Amino acid sequence: MPVTEILLPTPPPADTPTARQGGVAAVGLVLGGAVSVQFGSAVAALLFPRTGVAGAVTLRLTISALLLLMVCRPRLRGYDRGAWAAAGAFGLALAGMNSLFYQAIERIPLGPAVTLEVLGPLALSVFTARRRASWCWAGLALAGVALLGQGGFDRLNPAGVAFAFGAGAMWAAYIVLSARVGGRFPGADGLALALTLAALLTLPLGIIDGGAVLLDPAVLALGTALAVLASGLPYTLELLALRRMPTATFAVLMSLGPAIATLAGWLVLRQALTLLECAAIVLVIAASIGAVRVSAAAAARPEPR
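Residues numbered from 1 in each chain as written. Predicted model: local features only at pLDDT ≥ 70, side-chain atom pairs only at ≥ 80, totals over all residues. Heavy atoms only, no water.

Re the overall build of the chain
A count of helices and strands for the chain gives 12 helices and zero strands. Along the chain, helices (α) and strands (β) appear in the sequence α-α-α-α-α-α-α-α-α-α-α-α when read from the amino end. Contacts spanning at least 24 positions in sequence make up 88% of the contacts within the chain whose residues lie at least 6 apart. Summed over its atoms, the accessible surface of the chain is roughly 14,400 Å², and 68% of this surface lies on carbon and sulfur atoms. (Helix = DSSP H or I, 4+ residues; strand = E, 2+ residues; numbered from the N terminus. Contact = heavy atoms within 4.5 Å. Areas by Shrake-Rupley, 256 points an atom, 1.4 Å probe, with all protein chains shown as cover.)

Given below as structure tokens:
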């Protein structure tokens with residue numbers, strides 16, 4: 001999950017020993033955050049038989065919101081209607097993204113689910129860059145999806161595929177709204193408020209789905225682990241990494257999510273994929289990295305006068 005945009009210190013020049021050491025550490029932080037997110041998703045899948053999908057979503061969002069509220073202690077006064085509208089839309093995107101993604105991973109393996117979800121941010125990158133090369137990378141991503149389909153979308157479950165695509169669309173909306181919220185609220189206050197709204201929105205279905213099981217100590221312990229792995233820890237690691245590296249490099253590393261998700265699905269959930277599906281995931285990862293680089297180059301190029 002991308003972090004809210006905030007003002008961060010400029011990294012030291014790339015040719016200094018401090019910058020090189022910081023760069024290596026930053027890469028480790030980003031990869032650590034990605035591993036935490038994807039293994040957190042695997043933990044969520046382990047919860048499904050006990051809490052239901054909606055119950056797991058509620059546990060993650062509610063515990064994450066409580067933790068972030070305690071850390072941030074956001075103020076509620078001094079914001080205009082536009083700020084609250086942005087935070088509200090951000091909360092809807094968070095609730096939709098998590099709910100749809102968890103519905104997807106209940107039906108299809110974690111690796112393909114994340115691969116299809118990544119197409120949302122990839123499409124956003126292509127449209128905002130407005131470069132011919134971006135469309136080439138988009139074509140490569142579509143080739144990856146077609147290859148994934150050759151393995152049989154029926155094997156993957158059509159509903160699961162549709163939920164993953166929906167989660168991708170919500171992820172793209174999340175990225176756009178996070179920038180707006182980050183510009184209107186200090187620090188992570190906007191995220192804390194949006195996460196609280198997302199938790200409240202998912203609470204009724206979560207209670208219906210999970211019932212009294214949600215209060216079971218063992219389930220609460222797993223829910224807390226899920227909240228830390230999928231939200232708290234990666235958010236912290238990503239913030240630390242962004243202090244040490246350019247956002248374009250950060251985005252490229254985040255594109256490795258489908259590969260890490262495939263590994264997490266294999267190790268934790270014993271989900272095996274065919275060689276064809278693995279090749280499709282590699283194509284989508286390559287397309288994501290290429291699109292990010294084109295988008296970064298377009299943003300760095302000065303506008304003609």
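Past the structure itself, the notes keep going.
A few points about the confidence of the model for the chain
In this model, the chain carries a mean pLDDT of 81, and residues with pLDDT of at least 70 account for 84%. Within the chain, helix α6 (residues 153–156) has the poorest average pLDDT of any element, 68, and helix α2 (residues 81–107) the best, 93. Long-range and interchain partners of residues 1–20, a stretch whose pLDDT sits below 50, account for 38 contacts in this model, where long-range means more than four residues apart. (pLDDT = per-residue confidence, 0-100.)

Thoughts on the packing of helix α3 (residues 110–117) against helix α11 (residues 257–269)
Interaxial distance between α3 and α11 falls to 7 Å at its minimum, and their mutual angle equals 160°. Here α11 runs roughly antiparallel to α3, going by the angle between their axes. Helix-helix and strand crossings are classified by hand; for α3 and α11 the assignment is right-handed. Of α11, the residues touching α3 (which contributes L110, G111, V114 and T115) are G257, P258, A261, T262, A264 and G265. Partitioned by chemical class, the residues of the contact of α3 with α11 number five nonpolar, five polar and no charged. (Axes fitted to C-alpha atoms, helices over the stretch in contact; angles between N-to-C directions. Parallel < 35°, antiparallel > 145°, perpendicular 65-115°, else oblique. Left-handed = near helix turned anticlockwise from the far one by under 90°. Nonpolar A, V, L, I, M, F, W, Y, C, P; charged D, E, K, R; others polar.)

What about helix α7 (residues 158–184)?
Counted at 1.5 Å a residue, the expected span for α7 with its 27 residues is 39 Å, and the 39 Å between its end C-alpha atoms agrees. All buried positions along α7 are accounted for by G160, V161, A164, A167, G168, W171, A172, Y174, L177, S178, V181 and G182. A distance of 2.9 Å separates the backbone nitrogen of A159 from a side-chain oxygen at the start of α7, and that oxygen is part of N157. (Expected span 1.5 Å × (residues − 1). Buried < 20%, exposed > 50% of the residue type's maximum accessible area, 1.4 Å probe, protein only. Polar contact = N/O pair within 3.5 Å; in protein donor to acceptor, adjacent residues only side chain to side chain.)

Let's talk about the packing of aromatic side chains
Counting across every chain of the model gives six aromatic pairs. Seen from their ring centres, Y79 and F185 are 4.4 Å apart, and the 45° between their planes marks the pair as tilted. A residue pair is termed long-range when its members are at least 10 positions apart, and Y79 in the loop between α1 (17–72) and α2 and F185 in the loop between α7 and α8 (189–210) qualify at 106 residues. Given a relative accessible area of 14%, Y79 falls into the buried group. On the basis of relative accessibility, which here comes to 3%, the residue F185 falls in the buried class. An angle of 50° between the planes, with centres 6.2 Å apart, marks the rings of F101 and Y102 as tilted. With relative accessibility at 7%, the residue F101 sits in the buried group. Among the residues examined, Y102 registers a relative accessible area of 0% and is labelled buried. Of the aromatic side chains, those joined through ring pairs into one cluster are F48, F101 and Y102. (Phe/Tyr/Trp six-rings, centres within 6.5 Å; stacked < 30°, edge-to-face > 60°.)

Quick look at the pattern of salt bridges
Inspection of the entire model under this criterion finds three salt bridges. Here R50 ties to D216 by a salt bridge, and the two come within 3.6 Å at their closest N and O atoms. Here the residue R50 occupies a position in helix α1, and D216 occupies one in the loop between α8 and α9 (217–242), the gap between them amounting to 166 residues. The class for R50 is partly exposed, based on a relative accessible area of 41%. Owing to a relative accessible area of 28%, D216 belongs among the partly exposed residues under this scheme. (Salt bridge = Lys/Arg side-chain N within 4 Å of Asp/Glu carboxyl O.)

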